[in-house]
Amino acid sequence: MSLIEAQQLTRSFRIPDKGPGFAAAVRHLVRPRFMERTAVDGIDLRVEAGESVAYVGPNGAGKSTTLKMLTGILAPTRGQVRVRGLDPHRDRIANARHIGVVFGQRSQLWWDLPVFESLRLLGDIYDVPQADFTRNLGELSELLELGELLRVPARQLSLGQRMRCEVAAALLHGPDLVYLDEPTLGLDVAVKDNVRRFIRHINRERGVTVMLTSHDLGDIEDLCERMVMIDGGRIIFDGPLRTMRERFGKDCAIHLSLRGQLPDALEVARKTLPELPAACSSQPEPHELVVQFDMTQVPVGPLVGRLLAALPVQDLRIQESSIESILRELYKSRPKPQDTQP
């Protein structure tokens, strides 16, 4: 049995349908109208123990709604979901004992209490034995470099300091499944690196299953081997990151720097590559050219050899599609989701 199993998981919301202005508000009070918006639309998802999964999509795609159903915060409108064999919403207490959750813009620390006191209260809430609490806190403090932060009230922490403490709070009871919703949002480079290193450690060394939502492509490429992409409430891709590259990352560009200015360099490049005339373009600098092509259609090696033989190339750089550029193109080309009227 998979750790997470979702079948035709659906969540719809009934929202007011009223126009702007005072008159529209009064009409809505007398004769209310609503429309239905489907945030998650019949997804099938399986996650195995020990996986690290990136759950990505544009804003409003249904990522956070899915996580809220997996954690038991929301009940599905249709379909079913099981986490470790439990219904997350009906068995919320039992489910909560085995999961950790970090929402980047939500805090589980008490604002005016020192961080240690918040962690101690969470230990009591989860019935963590004193010996396990001491051991877990010591390990988390060392790995996340909490140190003196444990004595500081949460309200006095910087964003990066608070986020490290939030991660510790989510893992204090030793869960085997962690949901991370934008865990590095707004963090500087050094703090991001610390948080990522810790997430890699718990996943690879301790076997904790990680499900991550993030708009930071660095998080995805650094932490996850599998990507699930959702848009309009539906899964449009589910597979290894390398498969995403192979399927959508076919575009390649060769950036050429020439020795000195060559007025007819662009024309020479187009004659050298007659099969790619429109793909050769000049850059703002007169001694730079870019050649774009489909790697599945044109071999890179022979193409570079022909360019080196025809032009006085001083330097060249081959740029393949990154996960960021692939997602950007997928987001731009996606159809607009439509609201449905009840």
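About the cut-offs
- Residues numbered from 1 in each chain as written.
- Predicted model: local features only at pLDDT ≥ 70, side-chain atom pairs only at ≥ 80, totals over all residues.
- Heavy atoms only, no water.
- Helix = DSSP H or I, 4+ residues; strand = E, 2+ residues; numbered from the N terminus.
- Buried < 20%, exposed > 50% of the residue type's maximum accessible area, 1.4 Å probe, protein only.
- Contact = heavy atoms within 4.5 Å.
- Polar contact = N/O pair within 3.5 Å; in protein donor to acceptor, adjacent residues only side chain to side chain.
- Pairing = 2+ DSSP bridges.
- Axes fitted to C-alpha atoms, helices over the stretch in contact; angles between N-to-C directions.

*Asks:* Any details on the environment of leucine 157? Residues and values, ideally.
*Replies:* Along the chain, leucine 157 turns up in the loop between helix H5 (130–144) and helix H6 (159–171). For leucine 157, a relative accessible area of 11% translates into the label buried. When the C-alpha positions of leucine 157 and valine 115 are compared, they lie 9.4 Å apart, and in sequence the two are 42 residues distant. Residues within four places of leucine 157 in sequence aside, it is in contact with Val115, Leu149, Val152, Arg162 and Cys165.

*Asks:* Tell me about the environment of leucine 143, and name the residues and values.
*Replies:* Tracing the chain through its elements places leucine 143 in helix H5. Judged by its relative accessible area of 32%, leucine 143 is partly exposed. A sequence separation of 43 residues divides leucine 143 from glycine 100, and the C-alpha atoms of the two residues are 17 Å apart. When sequence neighbours within four positions are dropped, the list of residues in contact with leucine 143 reads Phe198 and His201.

*Asks:* Please give an account of the side chain of arginine 226 that cites residues and values.
*Replies:* Residue placement: arginine 226 occurs in strand S8 (residues 226–231). Take arginine 226: its relative accessible area is 13%, and that puts it in the buried class. Looking at arginine 226, its side chain comes within polar contact range of the side chain of glutamate 51, at 3.0 Å. Aside from chain neighbours lying at most four places away, what touches arginine 226 is Leu45, Arg46, Val47, Glu51, Ser52, Val53, Ala54, Asp238, Gly239, Pro240 and Leu241.

*Asks:* I'd love a proper account of unusual backbone geometry, names of residues and values included.
*Replies:* The backbone of glutamine 8 shows a phi angle near 50°, a positive value even though the residue is not glycine. On the secondary structure map, glutamine 8 appears in strand S1 (residues 4–16). When its relative accessible area of 45% is taken as the criterion, glutamine 8 is described as partly exposed. Even without being a glycine, arginine 84 presents a positive backbone phi close to 55°. The topology assignment puts arginine 84 in the loop between strand S4 (78–83) and helix H3 (92–96).

*Asks:* Give me the sheet that holds S4: which residues, what numbers.
*Replies:* Taken in spatial order, the three strands make up an open sheet running S2-S1-S4, and their pairing is antiparallel. Since the sheet does not close on itself, it has two edges, and those belong to strand S2 (34–47) and S4, each with one partner. Each neighbouring strand pair of the sheet contributes to a mean axis angle of 30°, computed without reference to strand direction. As paired elements, S1 and S4 share five bridges and run antiparallel to each other. In the sheet register, glutamate 5 faces S4, and the bridge partner there is arginine 82.

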